[in-house]
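Residue-level structural notes
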Amino acid sequence: MAAVSGLVSGLLKRRFHWTAPAALQVTVRDAINQGMDEELERDEKVFLLGEEVAQYDGAYKVSRGLWKKYGDKRIIDTPISEMGFAGIAVGAAMAGLRPICEFMTFNFSMQAIDQVINSAAKTYYMSGGLQPVPIVFRGPNGASAGVAAQHSQCFAAWYGHCPGLKVVSPWNSEDAKGLIKSAIRDNNPVVVLENELMYGVPFEFPPEAQSKDFLIPIGKAKIERQGTHITVVSHSRPVGHCLEAAAVLSKEGVECEVINMRTIRPMDMETIEASVMKTNHLVTVEGGWPQFGVGAEICARIMEGPAFNFLDAPAVRVTGADVPMPYAKILEDNSIPQVKDIIFAIKKTLNI
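Residue indices follow the written sequence of each chain, beginning from 1 at its first position. Thresholds applied to this predicted model are a pLDDT of at least 70 for local features of residues and 80 or more for the giving and counting of side-chain atom pairs; totals over whole chains, interfaces and linings are not thresholded and use all residues. Hydrogens and water molecules were not included; the side-chain quantities draw on all heavy atoms of the structure.

Before going further, it helps to examine the pairing of strand S7 (residues 190–194). The buried count for S7 comes to five of five residues, which makes it a mostly enclosed element. For every residue, the accessible area (1.4 Å probe, protein chains only) is compared with the maximum for its type, and the residue is labelled buried under 20%, exposed over 50%, or partly exposed between those bounds. Runs of E in the DSSP output that reach at least two residues are strands. Runs of H or I that reach at least four are helices, and both are numbered from the N terminus. Residues Val190, Val192 and Glu194 point to one face of S7 and Val191 and Leu193 to the other, with burial holding for every one of them. A pair of strands counts as paired when DSSP detects no fewer than two bridges linking them. Both strand S5 (residues 136–140) and S7 contribute to a ladder of five bridges, which runs parallel. Its bridge partner being in S7, Pro140 is matched across the sheet by Glu194. Where strand S6 (residues 166–168) meets S7, three bridges bridge the pair, whose relative direction is parallel. Residue Val167 lies in a different strand from S7, and its bridge partner there is Val191. Since S6 and S7 lie parallel, the crossover through helix H8 (residues 173–185) that links them has a hand, and here it is right-handed. Handedness of a crossover: with both strands directed away from the viewer, a clockwise path from the first strand across the helix to the second marks it as right-handed.

Rendered as structure tokens:
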């Protein structure tokens, strides 16, 4: 019977040129849009405000179609005044709404950092737990391309430093949708650090991510690739570079375990520690500056915790260069971690 079934299946494939359906591909931009759309539909207290988010569909088209669907009261264009509209958003959150405050880039959030830290992050504590501030601050973070020193900073370490905030940093489309939805539903202020260069990149979108109930828990990392020789920890766009480096090194017999942090604060040290205890080596990779960075924090926590005695070599950080971002492309390329830099650091750590 099985033989007959296999024969029929083979004949059908040849007769109708049947192939397995291709996995759904969704860009990071569309995944964020889908996540916000679903949450706007689910809860009428949710609204989006920021520069050009409404009639223009967003500076990066992340909010495409939302203004037409939800109108002026839910999708609000603001003046170019980050401190002003961030303050309005924080006040709205205190009054019981659930705002999504978009910064055109997180470099501009420096105009509003008093609202983010002093008004949003500290109020729940200062009110003795009586006044939650359920707000999302989101937008592109880190280096883009050719926008020089004032528009290329990574704020993961800046905001990850502050108690009262939760900070997430998605890499692919699945991360982007699951984390934006969890951020909107959270009763704490959540900073969502996206990446401009990732917006147009398509990724396979698993069936579970297509559900309106799909959430990724804040504070949980994901092992993107299993390995036995070295643990490589990263967040945002450099996760892709780490996977590329791991694929190259695999051909040389080196198996890297690649961890996508997903959340900067609270940091999932349990996953990182368990991996280091298995591989006995650690490399961290980030686009931000080295001093007091995300990698520095991971290294310190490893040294203070149970995984330190399992290390067979010092942990190594791969970071952005310790300079304001240059404008010239050749200098910019040398200021951001590349695949070759990650491979070099891994080989150095493994002494090969």
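Let us keep going from here.
Counting all residues, the mean pLDDT for the protein is 94, and 94% of those residues have values of 70 or more. Overall, residues 11–16 carries pLDDT values under 50, and its contacts beyond four positions in sequence, including any with other chains, amount to two contacts. Predictor confidence is given residue by residue as pLDDT, running from a minimum of 0 to a maximum of 100. Any pair of residues with heavy atoms lying within 4.5 Å of one another is described as a contacting pair.

What follows deals with the sheet that holds strand S3 (residues 75–77). Taken in spatial order, the seven strands make up an open sheet running S3-S2-S4-S5-S7-S6-S12, and their pairing is mixed. The sheet terminates laterally at S3 and strand S12 (263–265), the two strands that pair on one side only. The average angle at which neighbouring strand axes cross in this sheet is 20 degrees, direction not considered. In the sheet, strand S2 (residues 46–50) pairs with S3 via three bridges, with the strands oriented parallel. Within S3, the residue paired with Leu48 across the bridge is Ile75. In this description, a line fitted to the C-alpha atoms serves as the axis of each element, helices being fitted only across the stretch in contact, and the angle between N-to-C directions of two axes falls anywhere from 0 to 180 degrees.

Glancing now at the sheet that holds strand S11 (residues 256–260). Strand order in the open sheet formed by five strands is S9-S11-S10-S13-S14, with mixed pairing between adjacent strands. Each edge of the sheet is formed by a strand with only one pairing partner; in this case those strands are strand S9 (222–225) and strand S14 (316–318). Averaged over all pairs of adjacent strands, the angle between strand axes in this sheet comes to 25 degrees, irrespective of strand direction. Bridge count for strand S10 (residues 230–234) against strand S13 (residues 282–285) is four bridges, and the pairing is parallel. Considered in S13, the bridge of Val233 is made with Thr284. Together, S10, S13 and S14 form the strand contacts of helix H11 (residues 294–304), whose direction differs from that of S13 by roughly 155 degrees.

Turning our eyes to something else, we now look at the layout of surface pockets. Here the term cavity refers to a set of points on a 1 Å grid, laid over the protein atoms alone, in which a 1.4 Å probe fits but cannot get out; the term pocket refers to an open set having protein on both sides within 12 Å along at least five of seven lines, with lining residues being those that place an atom within 4 Å of a point. Grid points are joined across faces, edges and corners, and a volume is the space filled by probe spheres set on the points. Taken as a whole, the largest pocket spans an internal volume of roughly 270 Å³. Surrounding the largest pocket, 14 residues form its lining, Gly160, His161, Met267, Gly293 and Glu297 being those nearest its centre. Elements with a minimum of two residues in the lining of the largest pocket: helix H7 (156–160), S12 and H11. At four residues, the largest contribution of residues to the lining of the largest pocket is made by H11. In the lining of the largest pocket, the residues fall into eight nonpolar, three polar and three charged. Residue classes follow a fixed rule: Ala, Val, Leu, Ile, Met, Phe, Trp, Tyr, Cys and Pro count as nonpolar, while Asp, Glu, Lys and Arg count as charged, and any other residue, Gly among them, counts as polar.

The next thing to look at is empty space enclosed by the protein. Taken as a whole and judged by the stated rule, the model has three cavities of 30 Å³ or more. Volume-wise, the largest cavity comes out at about 300 Å³. For the lining of the largest cavity, a count of residues per class yields twelve nonpolar, twelve polar and one charged.

Let us now look at the pattern of salt bridges. Basic side-chain nitrogens of Lys or Arg form a salt bridge, by our definition, when they fall within 4 Å of a carboxyl oxygen of Asp or Glu. Inspection of every chain in the model, using the stated rule, returns 23 salt bridges. As a salt-bridge pair, Glu255 and Arg225 come within 3.6 Å of each other at their nearest N and O atoms. Of this pair, Glu255 sits in the loop between helix H9 (238–250) and S11 while Arg225 sits in strand S9, placing them 30 residues apart in sequence. Overall, the relative accessible area of 22% leaves Arg225 in the partly exposed class. Residues Glu297 and Arg301 are paired through a salt bridge, measuring 2.9 Å at the closest nitrogen-oxygen approach. Of this pair, Glu297 and Arg301 both sit in helix H11, four residues apart, which is roughly one turn of that helix. Owing to a relative accessible area of 35%, Glu297 belongs among the partly exposed residues under this scheme. According to the relative accessible area criterion, Arg301 is partly exposed, its value standing at 29%. Taken together, the salt bridges that share partners define one network made up of Glu38, Glu39, Arg42, Lys177, Lys181 and Arg185.

Tracing the sequence through the fold places Leu243 in helix H9. Note on Leu243: relative accessible area 21%, which makes it partly exposed. Separated by 19 residues in sequence, Leu243 and Glu224 place their C-alpha atoms 8.0 Å apart. The contacts of Leu243, once residues within four sequence positions are left out, are Trp171, Glu224, Arg225 and Val258.

Attention now moves to the packing of aromatic side chains. Only rings of Phe, Tyr and Trp enter the pairing, Trp through its six-membered ring, and a pair is recorded when the two centres are within 6.5 Å. The plane angle decides the type: under 30 degrees is stacked, over 60 is edge-to-face, the rest tilted. Applying the stated rule across the entire model yields eight aromatic pairs. Their ring planes at 40 degrees and their centres at 5.5 Å tell us that Tyr60 and Tyr199 sit as a pair that is tilted. Of the two residues, Tyr60 is situated in the loop between S2 and helix H3 (66–70) and Tyr199 in the loop between S7 and strand S8 (202–204); the sequence distance between them amounts to 139 residues. When sorted by exposure, Tyr60 lands in the same class as Tyr199, which is buried. Ring geometry for Phe103 against Phe106: centres 5.6 Å apart, planes inclined by 65 degrees, an arrangement best described as edge-to-face. By relative accessible area, which is 0% here, Phe103 ends up buried. Feature note: the residues Phe85, Phe103, Phe106, Phe137, Phe155, Trp158 and Tyr159 constitute an aromatic cluster, connected by ring pairs. Note on criteria: charge over ring means Lys NZ or Arg CZ within 6 Å of the ring centre, with the direction from the centre no more than 35 degrees off the ring normal. Positioned above the aromatic ring of Tyr56 is the side chain of Lys61, whose terminal nitrogen or guanidinium carbon lies 3.5 Å from the ring centre.

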